[in-house]
Amino acid sequence: MPEEISQTRTQGTSSDTGAATAAKSPLTMRGVTVTLLRTAIVVGFFSLWEIASGRWIEPFLISSPSRIFSSMLTGFTDGDLLQHTWVTFIEIAIGFPIGAISGIALGYAFGRSKLLAEIFEPIIIALNGIPRTALAPLFIVWLGIGLWSKVGVVFLLTFFLNFFNTYTGMRQMDHEYVDLASLMGVKGWKLTFKVIFPAISPYVFTGIRTSIPFAVIGAIVGEFVAATEGVGFFIRMSAGIFKTADVFVGIIVLMIMVIIMDKFAAAIEKRALRWQTQTEHIQIQA
Amino acid sequence: MPDPAQTATESEPSRNGFVIRVQNASKVFQTPSQANLGALTGIDLDIRAGEFVTVVGPSGCGKSTLLKLIAGFSACSAGRILFQDEEVRGLNTKVGYVPQESKLFPWLTVEENVGFGLSPKRYSRADRERQVSYFINLAGLSGFEKYYPAQLSGGMGKRASIVRALAYEPPVILMDEPFGPLDAQTRMVLQDELLKIWEQKRQTIVFVTHDLVEAVALADRVVVMTHRPGKIKDVIKVPMDRPRNIFEIHRQPGFDEAYSRLWTIFRHELNIGAH
């Protein structure tokens, strides 16, 4: 007989998985082992890379951690890496919020209006079938090789993820909350922002967080196609002249960008969903 | 402005004294297999202002559907429902609704939940605060104002859910098996509290339950419904005095009489249900 035991804890965000929790409690034996093993694997990987480079594999193919590190330092101190990073950041900083907000707004509208959903749903699904990065060259044609074509690609990649997640939230949401609130005479602005948005907020945040890496992908793809600056441009240029270390530097910059954005979104999510301090049901098989 | 300490909203009776008049109401659901499923047929029921009416019936007899029709969540397939002499069309914002599960808004604290129906048009800020703290107190939830529903026990959530419906003072409260999933003790305590609140406020309450003891213990009148499609089989007057003592309800004069009448009618329904 499965027995249900309720245990209350603050439900964290999706990054707060069991493994992370184990590592966060270093006092336990298990926690220590996990941390040690993880460090060993990472350190081992980089040492192997360093050793292999130049001995077994040509450095221009795989570079090496030390070369990458020094390239990064010079890139940021006297190179124009900072300028490239800034350009890519601006593309995302404009395209991402516009894409996310319009995706969320449209998802909400579809959830509220059956008519709208019935008319446009097949169209949206068809559009979603297009591999969106394939549209990047078109954006270059339409909007030029500057900032706005990249903003366009970022927007496109962000929009659909946010739209679909929000719309799913609108369909999955417990309608009794809306009915009850309406019965209490609540409508309009208050119904939207005090009832519906909180009810779908877990879905909205999933949309926002899954679309962050895609926003970066959008900017980079746009820059790969045609650009004169930006991290994507920097990577492509460096690869073209076999400055492999710089390629890795560009990749690392992008990775850090994604991590920072995700942490930022996670912090907001945690704050917004703090009411989800909820009872977790754990099934114990006897 | 309403003063919660005084007798709250009078249930505005219509000319003939009835707040709710269900007239020959039926409800048919379309099932996915296209077959029509009759949930309610030919319901006639008049409910007076200030009355406590319970509705009992075997599960699936359309008790909840009746409440949903009165609340205007869905429309009658035939017949009509008058609320204060006006036909119910669309959501009936003059009723408060307490659903089976507490359904507190999980993203709002207890005090935000309780105050949620208090529109700024009807209540000034001060009135609102007074009203909220009065009802939180009434529900025995003082000290838990800033808690989120997930942090409350089942019974506390239930109480909060009930006072959320009471707080904005709708003249009629509809309750759909609100004490269903609770344990026997908690249930009794809440029944007792509900009666105490009702004796002070005297709103009209329509209370759906499948528990015969609960139906008799709380009600002025018990409406007995038949198996699907739901019809009203009988309406029993409960001749017990008020205030009632829920904990020793069996000893109160009038209980046995009402209960055995109810059981006689109900037994028949159970037989049908069993085969």
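Note that the structure is predicted; figures quoted are calculated from it, not measured.

Student: Explanation requested: the overall build of chain B in the structure shown.
Tutor: Counting its regular elements, chain B contains 7 helices and 10 strands. Over its C-alpha trace chain B gives a radius of gyration of 19 Å, about what one expects of a compact globule, namely 19 Å for 275 residues. Viewed in the frame of its principal axes, chain B has a C-alpha envelope of about 55 × 45 × 40 Å. Taken over 275 residues, chain B has a buried fraction of 43%. Considering only residue pairs separated by 6 or more positions, chain B has 70% of its internal contacts joining residues 24 or more positions apart.

Student: Please explain the sheet that holds strand 2 (residues 36-48) of chain B as it appears in this structure.
Tutor: Across the sheet, which stays open at both edges, the 4 strands sit in the order 2-1-4-5 (chain B) with antiparallel pairing between neighbours. What marks the edges here is a single partner per strand, and that holds for strand 2 and strand 5 (86-87) of chain B.

Student: I'm lost on the nonpolar core in this one. Help?
Tutor: Nonpolar side chains in soluble globular proteins generally cluster together in the buried interior. Of all hydrophobic cores here, the largest spans 134 residues; its most connected members are I70, V163, L174 and V222 of chain B. What V222 of chain B contacts, discounting residues up to four positions off in sequence, is T54, V56, A215, V216, I236, V238 and L262 of chain B.

Student: Just checking my understanding: could you explain the environment of E214 of chain B for this structure?
Tutor: Residues and elements named next belong to chain B. Structurally, the position occupied by E214 is in helix 6 (residues 212-218). When the C-alpha atoms of E214 and F179 are compared, they prove to be 9.6 Å apart, with 35 residues separating the residues in sequence. Excluding residues within four positions of it along the chain, E214 makes contact with Q191 and T209.

Student: Where do I start with the packing of helix 7 (residues 136-143) of chain A against helix 10 (residues 188-225) of chain A in this structure?
Tutor: Residues and elements named next belong to chain A. In the contact formed by helix 7 and helix 10, the axes pass within 9 Å of each other and the chain directions differ by 70°. With respect to helix 10, the axis of helix 7 lies roughly perpendicular. Crossing angle aside, the handedness with which helix 7 passes helix 10 is right-handed. Across from A136, P137, F139 and I140 in helix 7, the residues of helix 10 making contact are V221, G222 and V225. In terms of residue class, the contact of helix 7 with helix 10 is built from 6 nonpolar, 1 polar and no charged.

Student: Honestly, the packing of helix 5 (residues 81-112) of chain A against helix 10 of chain A in this entry has me stumped. Any pointers?
Tutor: A pair of packed helices is captured by two measures, namely the crossing angle of their axes and the spacing between those axes. Residues and elements named next belong to chain A. In contact at an axis separation of 10 Å, helix 5 and helix 10 are set at 145° when each is read in the N-to-C sense. Crossing angle aside, the handedness with which helix 5 passes helix 10 is right-handed. Of the residues in helix 10, those touching helix 5 at T88, E91, I92, G95, F96, A100, G103 and I104 are V204, G207, I208, S211, A215, V216, G218 and A219. Tallied by class, the residues present in the contact of helix 5 with helix 10 amount to 9 nonpolar, 6 polar and 1 charged.

Student: For this particular structure, what's the right way to read the interface of chain B and chain A?
Tutor: Many analyses report the size of an interface as the accessible area lost when the parts associate. Taken together, the contacts link 18 residues of chain B with 16 residues of chain A. Within the side of chain B that touches chain A, the residues separate by chemical class into 13 nonpolar, 4 polar and 1 charged.

Student: Hey, could you run me through unusual backbone geometry in this one?
Tutor: For residues besides glycine, phi is generally negative; the peptide bonds are generally trans as well. Residues and elements named next belong to chain B. Following R242, the chain continues to P243 via a peptide bond in cis, the omega torsion being -5°. The phi dihedral of Q84 falls on the positive side, at around 45°, and the residue is not glycine. Its place among the elements puts Q84 in the loop between strand 4 (78-83) and strand 5. One non-glycine residue with positive phi stands out, namely E169, at about 55°.

Student: I tried to follow helix 11 (residues 231-240) of chain A on my own but got confused; where do I start?
Tutor: Residues lying three or four places apart along an α-helix face the same way, a consequence of the helix completing one turn every 3.6 residues. All names here are of chain A. Residues of helix 11 that are buried: V231, G232, F233, F234 and I235. Of the surrounding secondary structure, the elements contacted by the buried residues of helix 11 are helix 5, helix 10 and helix 12 (244-272). At the exit of helix 11 stands F242, carrying a positive phi of roughly 55°.

Student: Teacher, can you tell me more about the sheet that holds strand 8 (residues 204-208) of chain B here?
Tutor: The pairing of strands in a sheet happens through backbone hydrogen bonds and is either parallel or antiparallel. Residue and element names in this part refer to chain B. Taken together, the 6 strands give an open sheet; going across it, the order is 6-7-8-3-9-10, and neighbouring strands pair in mixed fashion. At either margin of the open sheet sits one strand with a lone partner, and together these are strand 6 (95-98) and strand 10 (232-237). Averaged over all adjacent pairs, the angle separating strand axes in this sheet is 15°, with direction ignored. As defined by bridge partners, strand 7 (residues 172-176) adjoins strand 8 across 5 bridges and the pair is classed as parallel. Bridge pairing links I173 to I205 in strand 8.

Student: What am I meant to see in the pairing of strand 1 (residues 18-30) of chain B here?
Tutor: When a strand is regular, its side chains alternate between the sheet's two faces. All names here are of chain B. Sheet topology note: the strand 1/strand 2 ladder contains 9 bridges and is antiparallel. In the strand pairing of strand 2, I20 is matched with I47. By the bridge criterion, 5 bridges tie strand 1 to strand 4 in an arrangement that is antiparallel. Note on strand 4: the bridge partner recorded for S26 is A78.

Student: So what exactly am I meant to see when it comes to the confidence of the model for chain A here?
Tutor: In low-pLDDT segments, the atomic positions of the prediction should not be examined closely. Residues and elements named next belong to chain A. Per-residue pLDDT for chain A has a mean of 86; in total, 87% of the residues score no lower than 70. Long-range and interchain partners of residues 1-20, a stretch whose pLDDT sits below 50, account for 26 contacts in this model, where long-range means more than four residues apart. Counted against residues more than four places away or in other chains, residues 278-286, with its pLDDT under 50, gives 19 contacts.

Definitions and cut-offs
Residues numbered from 1 in each chain as written. Chains lettered and ligands numbered in written order. Predicted model: local features only at pLDDT ≥ 70, side-chain atom pairs only at ≥ 80, totals over all residues. Helix = DSSP H or I, 4+ residues; strand = E, 2+ residues; numbered from the N terminus. Rg over C-alpha atoms; globule rule 2.2 N^0.38 Å. Buried ≥ 20, exposed ≤ 12 C-beta atoms within 10 Å, placed from the backbone. Contact = placed C-beta atoms within 7 Å. Pairing = 2+ DSSP bridges. Core = buried A, V, L, I, M, F, W, Y, C linked by C-beta atoms within 7 Å. Axes fitted to C-alpha atoms, helices over the stretch in contact; angles between N-to-C directions. Parallel < 35°, antiparallel > 145°, perpendicular 65-115°, else oblique. Left-handed = near helix turned anticlockwise from the far one by under 90°. Nonpolar A, V, L, I, M, F, W, Y, C, P; charged D, E, K, R; others polar. pLDDT = per-residue confidence, 0-100.

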